[in-house]
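Residues per chain, in single letters:
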Amino acid sequence: MAYELLTLERNDDGVAVVTLANGKVNPLSRELLGELKRAADELAADLPGAVVITGGDRIFAAGADISQFGGPDEAAEIGPLFHDTIGAFAALPRFVIAAVSGYALGGGCELALGCDYRIASEKAVFGQPEILLGIIPGGGGTQRLARVVGPSKAKEMCLTGRQVKAEEALRIGLADEVVAPEELHDRALALAAEVAKGALAAQAITKRLIDDGLSTSLDAGLAMERAGFVEVFGTDDSQTGVASFLEHGPGKATFTGS
């Protein structure tokens, strides 16, 4: 597929890289959201080993395109577009990494929150500043942020619009790693490549159980885990991994991803 506002590259090591390229500030316009949804659908149809989502060095994504806002009718269209797009990446049965440099605000923060893991450069800044416009986060910010940093911190950030720099983001769990700006992409690609050569079927089951378990009780989650534990032993990789461990010890298996 041809894209105008992003690039989608597939590396030989199984890593797919989605790079936002919508001008200097990468506003998440309807058009860019549409392309992101198409990219997510393309990845779902031909799964890579892992995914990295990134943007510019100074701005990951500065949020929604405010010029496209209007009244309730426009909000009724834009909100679902954000949810469908970010949800499509979150639903990929692969490890999705956000590599964030510069500002990830509003919808940009929400896109990063929809990823499984966030690596930030020392220049990264996160925030949900919608309240400063008299509105609220509409791309999942009130829900995903609270699940990542806890309800109190999420309320403080969303109700004040305060921006959080990389060091604090790491401390509160909004960022999972912080690296020097020049190391960001290499680190994200290296982690993605490491995961991409692993037992992909088992990874998909694990991700599904963790995500689904967050919305249910512990007992129900443990029941899902028991079912998933049985399911994973039906994969080729489980047989390969167990046999390799018994013969060669841990960490020596070569997985096929099935």
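Residues numbered from 1 in each chain as written. Predicted model: local features only at pLDDT ≥ 70, side-chain atom pairs only at ≥ 80, totals over all residues. Heavy atoms only, no water.

Caption draft 1: Spatial organisation of the overall build of the protein chain. Each helix and strand counted, the protein chain has 10 helices and 10 strands in total. Relative to a compact globule of 258 residues, whose C-alpha radius of gyration would be 18 Å, the protein chain shows 19 Å and is just as compact. Taking all 258 residues of the protein chain together, the buried fraction comes to 48%. Counting contacts in the protein chain only where the partners sit at least 6 residues apart, residues at least 24 apart contribute 69% of the total. For the protein chain, the accessible surface area stands at approximately 12,800 Å², while carbon and sulfur atoms represent 57% of it. If the 22 positive side-chain charges of the protein chain are averaged to one point and the 36 negative ones to another, these points end up 5 Å apart. (Helix = DSSP H or I, 4+ residues; strand = E, 2+ residues; numbered from the N terminus. Rg over C-alpha atoms; globule rule 2.2 N^0.38 Å. Buried < 20%, exposed > 50% of the residue type's maximum accessible area, 1.4 Å probe, protein only. Contact = heavy atoms within 4.5 Å. Areas by Shrake-Rupley, 256 points an atom, 1.4 Å probe, with all protein chains shown as cover. Lys, Arg positive; Asp, Glu negative; His and termini not counted. Charge placed at Lys NZ, Arg CZ, Asp CG, Glu CD.)

Caption draft 2: Examining the environment of Ile 172 more closely. Mapped onto the fold, Ile 172 is located in helix H6 (residues 166–172). Since its relative accessible area comes to 17%, Ile 172 is described here as buried. Considered as a pair, Ile 172 and Val 148 are 24 residues apart in the sequence and their alpha carbons are 8.4 Å apart. Every residue in contact with Ile 172, bar those within four places of it in the chain, is listed here: Val 148, Val 149, Lys 153, Met 157 and Val 164.

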